[in-house]
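Chain and residue survey
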Amino acid sequence: MPRALRDVPRTVWLLAAGQFLNMVVAFTFVYFFVYLTHERGLSVAQAGLISGIGGAGQVAGNFTGGWFGDRYGHRRVLLVGSLVSGVGVLALPALPLALLYVVPGLGQYAGGCVRAANGALVAVTVPEGARRQGFAVMRFAANAGFTAGPPLGALLIAHFSYAVLFVVDGVGTLVFAVYAARVLPARGAGAANTPEPGGPGVFASLRRRPTVVALLAAILVTDLVYRQQYVTLPVDLDRHGLGTGFYGWLLAINGGLILLLELPVTLALRGWRPLRIVGSGVLLVGAGYGVLALGVGAGTAVAMMALLTAGEILYKTTATAYVADSAPAHVQGRFQSLYSGVSVSGVVLAGPLGGALYGVAPGALWPVCAGLAGLAGVLLLGTGWRAAPADGPARPAGRRPAASAKSAS
């Protein structure tokens, strides 16, 4: 094992193992829209509304999970959120139509809280200087699990039924909750932070950290652009004669490159200034869509996905760790929640905004995406060059600042 990975605490490795298993069975949302239209007989408009409510719940959970964690403990939020999410999935086959507008949204809200709690637990468990590695390990586990999950879900549907799919997903989520309860310490990384007497709140803390505000704004724009690969890209590929099979191979390229390269790249660049890495990654995302602006074909689509994936590898883990390293200990969860919410905002925004532009001017979508990501990348690179040295290379692992040694969640 590379020496840098030895700085990642055992608790994070155990949590990553649980995250992998949980993501292997987290396939309900992949097939949920098809289930609503085919199995339940709902119209596309009804299924779209239910899915939209669920997406809004997921984003809201990401934005608020850290606030609950700072008050009640991130471990508790993870456990309760997993229980609510698991029960919600188990109930799906038996829900009447009216409750389909409520329960999936609540379940995805709980899932969003779990995601924020996961990030906060890594932030408060891993010492400053090793957080990039810690978040990279968690992302590797999640991506590896999700790579295996959808094909397994398709097999369950083909050989059994959607009901079995939901049972496997729900039971798997509940098993993850039991596993997490055993591997996460009840104290230390599991106890709630006590706010510092007279300590500034989250927004006052953000005002003192303009680089974090710039990062959040840039990630908001980037996620809107990044998630076009899931909404308008398959539509445009089909319009140019590249069907679902080709699109599936594109996503496979994305997942394979991330699994192969993200951990090694994170370790190789851990001494570099974070905002410069993030800015470079966002520019690569813009460059990917810029290639599509030259013309949509098999070659340009593959080049686009390669550039997009390279950008994702650079910016996602590093940005998460930068927010964690910048956060005061007593609002660590809220900082992570803000980043988590911003980083999935495209779940709600990408479809309506990208779809509206594509419907009016299909040829303008990719140049606009390239321009927005390019502006966000330039903003971050400029902020990175102006940042004080303290915002640069992380301190060596093992030199834990006094604030980080506080009880974590």
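For the structure, see preceding data.
The rules we used
Residues numbered from 1 in each chain as written. Predicted model: local features only at pLDDT ≥ 70, side-chain atom pairs only at ≥ 80, totals over all residues. Heavy atoms only, no water. Helix = DSSP H or I, 4+ residues; strand = E, 2+ residues; numbered from the N terminus. Buried < 20%, exposed > 50% of the residue type's maximum accessible area, 1.4 Å probe, protein only. Axes fitted to C-alpha atoms, helices over the stretch in contact; angles between N-to-C directions. Parallel < 35°, antiparallel > 145°, perpendicular 65-115°, else oblique. Contact = heavy atoms within 4.5 Å. Nonpolar A, V, L, I, M, F, W, Y, C, P; charged D, E, K, R; others polar. Polar contact = N/O pair within 3.5 Å; in protein donor to acceptor, adjacent residues only side chain to side chain. Core = buried A, V, L, I, M, F, W, Y, C linked by side-chain atoms within 4.5 Å. Expected span 1.5 Å × (residues − 1).

Details of the overall build of the protein chain
- Looking only at helices and strands, the protein chain features 17 helices and 0 strands.
- Taking all 409 residues of the protein chain together, 52% fall into the buried category.

Focus: the packing of helix 2 (residues 28–39) against helix 7 (residues 131–159)
- One can describe the packing of helix 2 onto helix 7 by two numbers: an axis separation of 9 Å at closest approach and a directional angle of 40 degrees. When the interaxial angle is binned, helix 2 and helix 7 end up oblique. Residues Phe29, Val30 and Tyr31 of helix 2 form the contact with helix 7, whose own contacting residues are Phe146, Pro150, Pro151, Gly153, Ala154 and Ile157.
- A per-class count over the contact of helix 2 with helix 7 returns 8 nonpolar, 1 polar and no charged.

Let's talk about the side chain of Thr318
- Within the secondary structure, Thr318 is located in helix 14 (residues 298–326).
- Only 3.0 Å separates the side chain of Thr318 from the backbone oxygen of Leu314, close enough to count as a polar contact.
- In this structure Thr318 touches Arg132, Pro274, Ile277 and Val278, once residues within four positions along its chain are discounted.

A word on the nonpolar core
- Leu215 and Tyr289 are the most contacted members of the largest nonpolar core, which has 43 residues in total.
- Of all the secondary-structure elements, those providing two or more residues to this core are helix 9 (202–207), helix 10 (210–226), helix 11 (228–239), helix 12 (244–268), helix 13 (274–293), helix 14, helix 15 (332–343) and helix 17 (365–386).
- Leu15, Val137, Phe176 and Ala180 belong to the second-largest nonpolar core, a separate cluster that totals 29 residues.

Overview of the side chain of Glu262
- In this structure, Glu262 sits in helix 12.
- Its relative accessible area of 3% is what places Glu262 among the buried residues.
- A polar atom in the side chain of Glu262 sits 2.6 Å from the side chain of Thr317.
- Other than its neighbours up to four places away in sequence, Glu262 contacts Arg139, Asn143, Leu257, Ile313 and Thr317.

A word on helix 13
- Taking 1.5 Å as the rise per residue, helix 13 with 20 residues should run 28 Å; its terminal C-alpha atoms sit 29 Å apart, in good agreement.
- Among the residues trailing helix 13, Gly295 stands out with phi positive, at a value near 145 degrees.

Topic: the environment of Ala373
- Tracing the sequence through the fold places Ala373 in helix 17.
- Among the residues examined, Ala373 registers a relative accessible area of 0% and is labelled buried.
- Between the alpha carbons of Ala373 and Gly288 there is a distance of 9.8 Å; along the sequence they are 85 residues apart.
- Excluding anything up to four places from it in sequence, Ala373 contacts Val225, Val282, Val285 and Gly286.

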